[in-house]
Amino acid sequence: GGSLFLQAVEIDFPLGCTGDASGQRVVVRTEVSSRFDRLLKTSARAWDDGWRTHADGQTYQEVVDVRPAGDPSDPSSLDQ
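Residues numbered from 1 in each chain as written. Predicted model: local features only at pLDDT ≥ 70, side-chain atom pairs only at ≥ 80, totals over all residues. Heavy atoms only, no water.

### Here's the deal with the overall build of the protein chain
Next, step 1: Along its length, the protein chain carries one helix and four strands.
Next, step 2: In the protein chain, the succession of α and β elements from N to C terminus is β-β-α-β-β.
Next, step 3: When the 80 residues of the protein chain are sorted by exposure, 10% land in the buried category.
Next, step 4: Within the protein chain, residue pairs in contact and separated by at least 24 positions form 19% of the contacts whose partners lie at least 6 positions apart.
Next, step 5: Roughly 7,000 Å² of accessible area belongs to the protein chain as shown, and the carbon and sulfur atoms make up 52% of that amount. (Helix = DSSP H or I, 4+ residues; strand = E, 2+ residues; numbered from the N terminus. Buried < 20%, exposed > 50% of the residue type's maximum accessible area, 1.4 Å probe, protein only. Contact = heavy atoms within 4.5 Å. Areas by Shrake-Rupley, 256 points an atom, 1.4 Å probe, with all protein chains shown as cover.)

### What to know about a nonpolar patch on the surface
Next, step 1: A surface patch of nonpolar side chains, amounting to about 240 Å² of accessible area, comprises I11, F13 and V28.
Next, step 2: Considering the arrangement of structural elements, one finds V28 in strand β2 (residues 25-29).
Next, step 3: Accessibility expressed as a relative area gives 40% for V28, which makes it partly exposed. (Patch = residues over 30% accessible without salt bridge, like charges linked within 9 Å, V, L, I, M, F, W, Y side chains within 5 Å. Salt bridge = Lys/Arg side-chain N within 4 Å of Asp/Glu carboxyl O.)

### Here we look at the packing of aromatic side chains
Next, step 1: For the coordinates displayed, the defined rule picks out zero aromatic pairs.
Next, step 2: In this structure, R52 packs its charged tip against the face of W47, placed 3.3 Å from the ring centre. (Phe/Tyr/Trp six-rings, centres within 6.5 Å; stacked < 30°, edge-to-face > 60°. Lys NZ or Arg CZ within 6 Å of the ring centre and 35° of its normal.)

### Thoughts on the pattern of salt bridges
Next, step 1: What the rule picks out here adds up to three salt bridges.
Next, step 2: Linking R29 and E10 is a salt bridge whose minimum nitrogen-to-oxygen distance equals 2.9 Å. With R29 in strand β2 and E10 in strand β1 (residues 10-14), this pair connects stretches of sequence that are 19 residues apart.
Next, step 3: Classification of R29 as exposed rests on a relative accessible area of 61%.

Here it is as structure tokens:
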């Protein structure tokens, strides 16, 4: 099974559509799951590593060059 991570800290919605409640609103506030930050970091790392998903849900890995042009750790970039 999967997990659901709350992404919003506050939602605001109408209490009712007709009658006395039509102008009233309900506001719900809650803490964001502490696991959400970890999920975002994991997702960003997977993207940076080239992992993608096809429309049919199948995953694959692309070759990505994560070094910016002129990276000092790449000796060949010093010639540019």
